[in-house]
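# Topology and contacts: notes
Read off the chains here:
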Amino acid sequence: VLPSYSCSFLRSGSKFVGKQTSDRSTYEVHVELKHVNMAESFLCGYLRIKGLTEDHPTLTTYFEGEMIGDKYSFQTRRPEWGSSEKNDFQHWSRFPAFRPLVSKAKRNEFNYTNFAQKENIFMRWKEYFLVPDHRVRQISGASFEGFYYICFNQVSGMVDGIYFHAKSEKFQKLQLEHVPEKTFACVEFR
C-alpha cells in the first residue's frame, strides 16, 4: 500500500546514510533533509561526504532537489547544469524503476502525474555551496558542481543516485538508506 500523499521517509528532518562509489573509491555519505514540499516538487538539505580529499576529511554541501512530476520533467532543461537530453536518458535508464517509462518520458508532452503516489519518486539533487562557508566554490580533488539523478523508493526508504558532472568520472553511484528516528511517541492523559 502506497501513501496517499507522501511517505514517512520523505519529510523534513529525515536522515539517510550510505555510500558513494566510483571505480577507484568508496565514500561514506550522510544526507539530512531540511525541508520537503511535495506540492512544489521541492526539497533541500545537507549532503556530507567523508574521505573525498586529504585536506578536507569531511565536506558538507547544501543541495536542492527537483521532484519529477507536474513541475519538472525527466529532461533537465537547465543548460547551466551541463546535461543534455541524451545524457539525461543515459542516466535515468540505469534505474530499473525507470525502464518502463523510457518511451513515454522521451516525449516532450509527457507529464509524470501523481508522482507522490508512485512507489518510486525520481529527482535531481543539485549541490549549490559548501557549508559552513558558502563562498568556497572549488576544492582540489572534489567536485560539487554537478548534480545527482535520484530514484527514491517510498516503500523501502532507499535512495539510489548517479552523480553527473561533465568533468567527473561517469556513473558514480550513490546508495543511501533511511535512518530510523530514535524517538518514542508521546501520549498525554487528561
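The coordinates are above.
Residues numbered from 1 in each chain as written. Predicted model: local features only at pLDDT ≥ 70, side-chain atom pairs only at ≥ 80, totals over all residues. Heavy atoms only, no water.

## Some remarks on the pairing of strand S3 (residues 42-50)
Pairing geometry for strand S2 (residues 26-37) and S3, over 9 bridges, is antiparallel. Looking at the pairing, valine 36 lines up with leucine 43 of S3. Hairpin remark: S2 followed by S3, antiparallel, with 4 residues in the connecting loop; positive phi at serine 41, about 55°. Inspection of the sheet shows S3 paired to strand S4 (residues 58-67) by 9 bridges, in the antiparallel sense. (Pairing = 2+ DSSP bridges. Helix = DSSP H or I, 4+ residues; strand = E, 2+ residues; numbered from the N terminus.)

## Things to note about a positive patch on the surface
A grouping of Lys86, Arg94, Lys170 and Lys173 is seen on the molecular surface, where their side chains present a positively charged patch. In this structure, lysine 173 sits in strand S8 (residues 172-178). Among the residues examined, lysine 173 registers a relative accessible area of 46% and is labelled partly exposed. (Patch = residues over 30% accessible without salt bridge, like charges linked within 9 Å, V, L, I, M, F, W, Y side chains within 5 Å. Areas by Shrake-Rupley, 256 points an atom, 1.4 Å probe, with all protein chains shown as cover. Salt bridge = Lys/Arg side-chain N within 4 Å of Asp/Glu carboxyl O. Lys, Arg positive; Asp, Glu negative; His and termini not counted. Charge placed at Lys NZ, Arg CZ, Asp CG, Glu CD. Buried < 20%, exposed > 50% of the residue type's maximum accessible area, 1.4 Å probe, protein only.)

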